[in-house]
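Notes for the structure review
Residue strings, one per chain:
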Amino acid sequence: MPADKTQTAESVVKVAVIGTGVMGQNHLRVYDGLKGVKLVGLYDSDHMKASVLADQYNCTAFSRLEDVVDAVDAISICTPSVTHHEFGKFFLNRKVHCLIEKPLAASQSECQDLIGCAKRANVKLLVGHIERFNPAVQQVFSLLKQGAKIQAIEARRLSSVSARIKDVDVIMDLMVHDLDIVLALARSGVERVYATEARTDVTAGGDYVTGLLEFKSGVTATVVASRMSQNPVRKLTVTTDRGAVEVDYQNQSADIYLKTSTIDRGSNSPFGQYASGISMESVQIRRQEPLQLELSHFVDIINSDQKPFVSGQQALDALMVVWEIQDIVKRGR
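To start, this report covers the structure provided alongside it. None of these values were measured; they are calculated from a predicted model. Each residue is numbered by its place in its chain's sequence as written, counting from 1. Only residues with pLDDT of at least 70 are given local features in this predicted model, and only at 80 or more are side-chain atom pairs given and counted; all residues enter the totals for whole chains, interfaces and linings. Heavy atoms from the whole structure form the basis of all side-chain values; hydrogens and water molecules are not counted.

Put simply, two rings from Phe, Tyr or Trp (the six-membered ring, in Trp's case) pair if the centres are within 6.5 Å, and we call them stacked under 30 degrees between planes, edge-to-face over 60, tilted for the rest. Using the criterion set out here, one finds 3 aromatic pairs in the structure. A ring pair is formed by Phe-90 and Phe-91, whose centres lie 5.1 Å apart and whose planes are at 80°; its orientation type is edge-to-face. Each member of the pair Phe-90 and Phe-91 is classed as buried. Positioned above the aromatic ring of Phe-90, the side-chain terminus of Arg-94 is 3.8 Å from the ring centre. Throughout this description, the term charge over a ring refers to an Arg CZ or Lys NZ atom that lies within 6 Å of the ring centre and within 35 degrees of the ring normal. Positioned over the ring face of Phe-309 is Arg-132, at 5.4 Å from the centre of the ring. Burial classes follow relative accessibility: with a 1.4 Å probe on protein chains only, a residue under 20% of its type's maximum area counts as buried, one over 50% as exposed, and anything between as partly exposed.

Here it is as structure tokens:
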């Protein structure tokens, strides 16, 4: 949640944004209006673009990373993923708190290096898996704390082909969001992974991928991601021993489906025992921008020494499954 209005000037967190693409500009917009934060500047290799944005947000367009270090407590790294390790290591080693947009880094060794840098410097490392901060998703985690046992999870993230994304496949582009959530819900080691894909000629990687995960706890998860669908779909269904919860990421809505009653006809019916009906209840959810919740959380964990909601290790765990699915579909071509 956003920092308290009564914070003193000394407790205000000074931030900067590294990289001013689409996501970087969103970080600038949200930081600019966030309580408990002072947006001091930004850095981008495109100096003209950086200067225009600095004027817009009344902050500094830094030309050297060293100058950023001297001016801030924390940064958001919104640069291309292949540069996350380079920028992250630079700032973490200089004791600057870092929010790094997903994916954490381009390889397992780079991820582990960043995790180690944050630990040695005793600073916060939050990874930008923004769907974890979707109010509907947070509501699911809250509901499941009541003791329902998860049996199966299904996640679908379908969209049309994007001309903007050509350098990564749909697994790294879209599926990674749901894999992160599935792992957090299952809270168990992955035992087996299966995957299949369909492709177009538009992008560099698979454009419709289905993954099946089997967890050591017995939970199974089906994850589908597409960039070749007509209508956008972003839904999560969690089936438990008490019923099911369905989340619509786009509408920030959650519906609970419960068995209403059970009838046992015994030997008089070929169907034996069955549920006679299903009731549906809609959960009231306050709509909020996930990025605002994410950046507010970043400020909070700096001020109050909480643990990051999405740690470097959790981000690496999701990437390990991403890389395994990529390997499976690559071998199947």
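All right, on to the environment of Lys-149 then. Think of it this way: any DSSP run of H or I at least four residues long counts as a helix, any run of E at least two long counts as a strand, and we number them from the N terminus. For Lys-149, the location among the structural elements is in the loop between helix H6 (135–144) and strand E7 (150–158). Residue class for Lys-149 comes out exposed when judged on its relative accessible area of 56%. In the structure, Lys-149 is positioned 90 residues away from Thr-239 in sequence and 8.5 Å away in space, judged by C-alpha atoms. Excluding its chain neighbours within four sequence positions, the residues that come into contact with Lys-149 are Thr-239, Thr-240 and Asp-241. Pairs of residues are marked as contacts when any of their non-hydrogen atoms sit within 4.5 Å.

As a further point, take the nonpolar core. Nonpolar cores were defined as sets of buried Ala, Val, Leu, Ile, Met, Phe, Trp, Tyr and Cys residues, with membership established by side-chain atoms within 4.5 Å. Ile-75, Phe-91 and Leu-185 are the most contacted members of the largest nonpolar core, which has 104 residues in total. Take this core: its biggest share by element is 13 residues, from helix H7 (residues 170–186). Those residues in contact with Ile-75, other than ones at most four positions away along the chain, are Ala-16, Ile-18, Val-68, Phe-91, Val-96, His-97, Cys-98, Leu-99 and Phe-298.

Further remarks concern the pattern of salt bridges. Just to be clear on terms, a salt bridge is a Lys or Arg side-chain nitrogen sitting within 4 Å of an Asp or Glu carboxyl oxygen. Scanning the entire structure with this criterion turns up 13 salt bridges. A salt bridge links Glu-131 to Arg-234; its shortest N-O distance comes to 2.4 Å. A residue pair is termed long-range when its members are at least 10 positions apart, and Glu-131 in the loop between strand E6 (125–128) and H6 and Arg-234 in strand E11 (residues 233–240) qualify at 103 residues. The partly exposed category is assigned to Arg-234, whose relative accessible area is 27%. Of the charged contacts in the structure, one is a salt bridge between Arg-331 and Asp-327, with a shortest N-O distance of 2.3 Å. Of this pair, Arg-331 and Asp-327 both sit in helix H9 (residues 312–331), separated by 4 residues, roughly a single helical turn.

Any two strands are treated as partners once DSSP identifies two or more bridges connecting them. Read across the open sheet, the 6 strands follow the order E3-E2-E1-E4-E5-E6; overall the sheet is parallel. Looking at which strands have only one partner, the edges of the open sheet turn out to be strand E3 (60–62) and E6. Across the sheet, the mean angle from the axis of one strand to that of its neighbour is 25°, orientation sign disregarded. Pairing of strand E1 (residues 13–18) with strand E4 (residues 74–77), which is carried by 4 bridges, proceeds in the parallel orientation. Paired with Ile-18 across the strands is Ile-77, a residue of E4. Axis angles are defined between N-to-C directions and span 0 to 180 degrees, where every axis is a line fitted to C-alpha atoms and, for a helix, only to the segment in contact.

Our focus in this paragraph is unusual backbone geometry. The step from Lys-102 to Pro-103 runs through a cis peptide bond, and the omega angle for that step is -5°. Its place among the elements puts Pro-103 in the loop between strand E5 (97–101) and helix H5 (108–121). Notably, Asn-122 is not glycine yet its phi reads approximately 60°, a positive angle. Following the sequence through the fold, Asn-122 ends up in the loop between H5 and E6. Asn-122 sits in the exposed class, given a relative accessible area of 68%.

The next thing to look at is the pairing of strand E2 (residues 37–43). In summary, the side chains of a regular strand alternate between the two faces of the sheet. The buried count for E2 comes to 6 of 7 residues, which makes it a mostly enclosed element. Two strands pair when backbone bridges link them, and E1 and E2 are joined in this way by 6 bridges, in the parallel orientation. Bridging across to E2, Val-15 finds its partner in Leu-39. Think of it like this: strands point away, you trace from the first strand over the helix to the second, and a clockwise trace means the crossover is right-handed. Between E1 and its parallel partner E2, the chain crosses via helix H1 (residues 22–32), and the hand of that crossover is right-handed. With 3 bridges connecting them, E2 and E3 associate as parallel partners.

These values are about where atoms sit, not about what they do.
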